[in-house]
Amino acid sequence: MTSCHVAEDPIKKVAIFGGTHGNELTGVFLVKHWLENGAEIQRTGLEVKPFITNPRAVKKCTRYIDCDLNRVFDLENLGKKMSEDLPYEVRRAQEINHLFGPKDSEDSYDIIFDLHNTTSNMGCTLILEDSRNDFLIQMFHYIKTSLAPLPCYVYLIEHPSLKYATTRSVAKYPVGIEVGPQPQGVLRADILDQMRKMIKHALDFIHNFNEGKEFPPCTIEVYNIMEKVDYPRNESGEIAAIIHPTLQDQDWKPLHPGDPVFLTLDGKTIPLGGDCTVYPVFVNEAAYYEKKEAFAKTTKLTLNAKSIRSSLH
Amino acid sequence: MCSWPVPREPLRRVAVTGGTHGNEMSGIYLVRHWLRAPGEPQRPSFSATPVLANPAATAACRCYVGRDLNRTFTSAFLTATAHPGDPYEVTRAQELNRLVGPKDSGRAFAFILDLHNTTANMAACLFVDNAHDAFALHLCRHLQLQSPELPCRVFLSQVPGKESFHLDSIAKNGMTLELGPQPQGVLRADLFTRMRALVAAALDFIELFNQGTALPAFEMEAYRSLSFVDFPRTEAGDLAGTVHPQLQDRDFEPLRPGAPIFQMFSGEDVLYEGESTVHPVFINEAAYYEKGIAFFQTEKLTFSVPALPALAPTTTRGP
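Residues numbered from 1 in each chain as written. Chains lettered and ligands numbered in written order. Predicted model: local features only at pLDDT ≥ 70, side-chain atom pairs only at ≥ 80, totals over all residues. Heavy atoms only, no water.

Quick look at the overall build of chain B
And then number 1: If you tally the helices and strands in chain B, you get six helices and 14 strands.
And then number 2: Expressed as lengths along the three principal axes of its C-alpha atoms, the size of chain B is roughly 70 × 50 × 40 Å.
And then number 3: Residues counted as buried form 55% of the 319 residues belonging to chain B.
And then number 4: Pairs at least 24 apart in sequence give 75% of the contacts found in chain B among residues at least 6 apart.
And then number 5: Looking at chain B as shown, the accessible area adds up to about 13,500 Å², and 54% of this sits on carbon and sulfur atoms.
And then number 6: Charged side chains in chain B number 27 positive and 33 negative. The centres of these two groups are separated by 9 Å. (Helix = DSSP H or I, 4+ residues; strand = E, 2+ residues; numbered from the N terminus. Buried < 20%, exposed > 50% of the residue type's maximum accessible area, 1.4 Å probe, protein only. Contact = heavy atoms within 4.5 Å. Areas by Shrake-Rupley, 256 points an atom, 1.4 Å probe, with all protein chains shown as cover. Lys, Arg positive; Asp, Glu negative; His and termini not counted. Charge placed at Lys NZ, Arg CZ, Asp CG, Glu CD.)

Quick look at the structure:
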């Protein structure tokens, strides 16, 4: 009965990234703590490397210095000739690609966990980039089950134009971890505890897999990105309406056509158009004002994964 | 230490300032809205001037560009000779002093209301100089009575013997409004609506006073800072722990000796070792990490505020 298994190579090299955005403090301080004392992230036979990805932004407690590090891991930027004139984050991306990649090569790290925070009320969120990745679907299923009753959502960013060139995409299996709500430049104990648990369960999953445990077929519910929605703006491009109080903090909850979305500064309500129910995420995220994103619309999908087992056993 | 006593004539020149810190969005959006729609801050006896206090920091969505503007309104900064290398905020403080000051002069604005946000769970908090600041305290009382179901606490911010360095100190009377919790760079509708209502009520109070309304004496409860507490740190100066979950979001609630205040990354708790109960505020405020402040310890006090006499109908100058 081994034919229905996806037999995969054992996992050897894992990295945990913090500070890809320098003002998202949970990952910054978990990684700094693990650099001092990494006992809790070690697993037998597995290399686990904690790493601060954007040290200059961390030092300034700002998202980035010249440009968003989490958008420059495309082959064009990674292939640019190294020069002092390149934006700091592009130079840094090439260093990271050198240390943990090269991207799309045999030598790259197996898994990179990239730790982020959001000001949105998204709770524990795992970000998936590929809907056909049985290994990660199995891992996310394990993390969700282990965290229950604490909810853990899966955000799928597989989209021809909306998928972006993430820092973690250097690895064979990229995993985004996003926990909120937490203001930029603030470290909350409750959020720290949740992120720490997500990493613990993820590493336990890898350990079990490497030990030869078989994971039977499973399904998970995911939220697939449809489109980004900008704030209404006036003629000069300034924001003319804000997230409606009934939408604020309602990430992952169904938003029906006609439901309030924005409130203008004159007090008028702007409802959701169209004719389908959507699930909003990243509602009122601080870092997305400059990206012209008030929230993103998603639809719910169910993903299936085949049984997996490490090929060594 | 209050250099300007209770006003004896109507307040005609009133400023409402937002964006003193460029990532505290409620005041920024309120002021910007008023700059486009100037009818809202008008009252029969005066018209409040909206001022975007730190436009460069607001454009960058940062607290400040060169140094904290709201620590720059001392006479030393305001009267210093300009140098090409001055931080932006020193230059801007001098501009604001020309616009709504000059500080300690008869030509200064009658009142400044300066609008701020905090990431701490402080709800609305009004910062006035001291317990002798009768006009501002009557204004606080008015705001508290407008929506008694919503918390609106008063904080006495003057440090005895120290010159005030806040923006509102350049007017004859003033007050700072803090509203939270709101992340930096985020505009929440609930807090925006609350701030707008508080500012409208403050302008209504000034109008009431200008119309010759007398206000009775009352007992006021307020908080006063005793000291501040830094985060636990590693030898390298990095954070070694966080605000304890049992203290997080509990601004103004009593903190008793022996209660946990920090949780170390290694797992153990740090307890409050003071001898008396205090009331912590600005718990886990983002802007205070760089100042080495995890929270302030305050004491709660009660005092009497005397009646505010009505302006004489044809007031020119007091006797």
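Comments concerning the interface of chain A and chain B
And then number 1: Facing the 28 residues of chain A at the interface are 29 residues of chain B.
And then number 2: Counting the surface lost from both chain A and chain B, the interface buries some 2,400 Å², and carbon and sulfur atoms represent 58% of this.
And then number 3: Between the two partners, chain A and chain B, sit four salt bridges.
And then number 4: Here Asp-238 of chain B makes a salt bridge to Lys-32 of chain A, at a shortest N to O gap of 3.0 Å.
And then number 5: Joining chain A to chain B, the criterion identifies 10 residue pairs in polar contact (both at pLDDT 80 or more).
And then number 6: Those elements giving two or more residues to the side of chain A that touches chain B turn out to be helix H1 (25-36), helix H6 (189-210) and strand S9 (241-243) of chain A. (Buried area = accessible area lost by both parts, 1.4 Å probe. Salt bridge = Lys/Arg side-chain N within 4 Å of Asp/Glu carboxyl O. Polar contact = N/O pair within 3.5 Å; in protein donor to acceptor, adjacent residues only side chain to side chain.)

What to know about the packing of helix H5 (residues 134-146) of chain B against helix H6 (residues 189-210) of chain B
Residue and element names in this part refer to chain B.
And then number 1: Running from N to C, H5 and H6 point in directions that differ by 125°, and their axes come no closer than 9 Å. The angle between H5 and H6 places the two elements in the oblique class. The two elements H5 and H6 meet at a crossing, and its hand is right-handed. Counted together, Phe-135, His-138, Leu-139, His-142, Leu-143 and Gln-146 of H5 and Leu-198, Ala-201, Ala-202, Phe-205, Ile-206, Leu-208 and Phe-209 of H6 form the full contact between these two elements.
And then number 2: Considering only residue class, the contact of H5 with H6 consists of 10 nonpolar, three polar and no charged. (Axes fitted to C-alpha atoms, helices over the stretch in contact; angles between N-to-C directions. Parallel < 35°, antiparallel > 145°, perpendicular 65-115°, else oblique. Left-handed = near helix turned anticlockwise from the far one by under 90°. Nonpolar A, V, L, I, M, F, W, Y, C, P; charged D, E, K, R; others polar.)

Considerations on the side chain of Ser-169 of chain A
Residues and elements named next belong to chain A.
And then number 1: Considering the arrangement of structural elements, one finds Ser-169 in the loop between strand S6 (152-156) and strand S7 (173-180).
And then number 2: At 2.9 Å, the side chain of Ser-169 and the side chain of Lys-103 are in polar contact.
And then number 3: Not counting chain neighbours up to four residues away, the residues in contact with Ser-169 comprise Phe-73, Lys-103, Glu-129 and Pro-174.

Observations regarding helix H4 (residues 88-100) of chain B
All names here are of chain B.
And then number 1: A rise of 1.5 Å per residue sets the reference length of H4, with its 13 residues, at 18 Å; its end C-alpha atoms lie 18 Å apart and thus fit the reference within 8%.
And then number 2: Taken as a whole, H4 has its buried residues at Glu-89, Val-90, Arg-92, Ala-93, Gln-94, Leu-96, Asn-97 and Val-100.
And then number 3: Residues of H4 that are buried in the fold lie against strand S1 (14-18), strand S4 (49-52), helix H2 (55-60), helix H3 (75-79) and strand S5 (111-117). (Expected span 1.5 Å × (residues − 1).)

Considerations on the pattern of salt bridges
And then number 1: In the structure shown here, the tally under the stated rule is 32 salt bridges over all chains.
And then number 2: Asp-249 of chain A is paired through a salt bridge with Arg-188 of chain B; the nearest N and O atoms lie 2.8 Å apart. Here Asp-249 of chain A, found in the loop between S9 and strand S10 (260-264), pairs with Arg-188 of chain B, found in the loop between strand S8 (173-180) and H6, and the two come from separate chains.
And then number 3: For Arg-188 of chain B, a relative accessible area of 15% translates into the label buried.
And then number 4: Through salt bridges with shared partners, a single ionic network connects Glu-24, Arg-63, Asp-68, Arg-71 and Lys-291 of chain A.

Some points on the UniProt feature "domain: Succinylglutamate desuccinylase/Aspartoacylase catalytic" (unreviewed entry) in chain B
And then number 1: Feature annotation in UniProt assigns "domain: Succinylglutamate desuccinylase/Aspartoacylase catalytic" (unreviewed entry) to the following positions: residues 11-206 of chain B.
And then number 2: Taken end to end, residues 11-206 of chain B has its terminal C-alpha atoms 7 Å apart, with 34% of it in helix and 20% in strand. (UniProt positions renumbered as here; feature names shortened; annotations may be inferred.)

Examining the UniProt feature "domain: AstE/AspA barrel-sandwich hybrid" (unreviewed entry) in chain A
And then number 1: Those places that UniProt annotates as "domain: AstE/AspA barrel-sandwich hybrid" (unreviewed entry) correspond, in this numbering, to residues 219-299 of chain A.
And then number 2: Helix makes up 0% of residues 219-299 of chain A and strand 37%, and the two end C-alpha atoms of the span are 16 Å apart.

Topic: the UniProt feature "domain: AstE/AspA barrel-sandwich hybrid" (unreviewed entry) in chain B
And then number 1: UniProt's entry tags residues 219-300 of chain B with the feature "domain: AstE/AspA barrel-sandwich hybrid" (unreviewed entry), counted in the numbering of this structure.
And then number 2: With 0% helix and 38% strand, the stretch residues 219-300 of chain B has end C-alpha atoms that lie 13 Å from each other.

Points about the side chain of Thr-119 of chain B
And then number 1: Assignment of secondary structure puts Thr-119 of chain B in the loop between S5 and strand S6 (123-128).
And then number 2: Among the residues examined, Thr-119 of chain B registers a relative accessible area of 9% and is labelled buried.
And then number 3: The residues contacting Thr-119 of chain B, other than those within four sequence positions of it, are Pro-183 and Val-186 of chain A together with Pro-181, Gln-182, Pro-183, Gln-184, Asn-284, Glu-285 and Ala-286 of chain B.

Side note on the nonpolar core
And then number 1: In this structure, Phe-262 and Phe-295 of chain A together with Phe-111, Leu-143, Met-175, Leu-177 and Val-199 of chain B are the most contacted members of the largest nonpolar core, which totals 74 residues.
And then number 2: Tallying contributions element by element places H6 of chain B first for this core, with 12 residues.
And then number 3: Once residues lying within four places of it in the same chain are set aside, the contact partners of Phe-111 of chain B are Leu-11, Arg-13, Val-14, Ala-15, Phe-135, Leu-139, Ala-171, Asn-173, Gly-174, Met-175 and Ile-206 of chain B. (Core = buried A, V, L, I, M, F, W, Y, C linked by side-chain atoms within 4.5 Å.)

Points about the pairing of S8 of chain B
All names here are of chain B.
And then number 1: The element S8 is extensively covered by neighbouring structure, given that eight of its eight residues are classed as buried.
And then number 2: Here S8 shows two buried faces, one formed by Asn-173, Met-175, Leu-177 and Leu-179 and the other by Gly-174, Thr-176, Glu-178 and Gly-180.
And then number 3: Pairing of S5 with S8, which is carried by seven bridges, proceeds in the parallel orientation. Paired with Leu-113 across the two strands is Met-175, which belongs to S8.
And then number 4: Summarising the sheet, S6 and S8 pair through five bridges and their orientation is antiparallel. What sits directly across from Ala-123, in S8, is Gly-180. (Pairing = 2+ DSSP bridges.)

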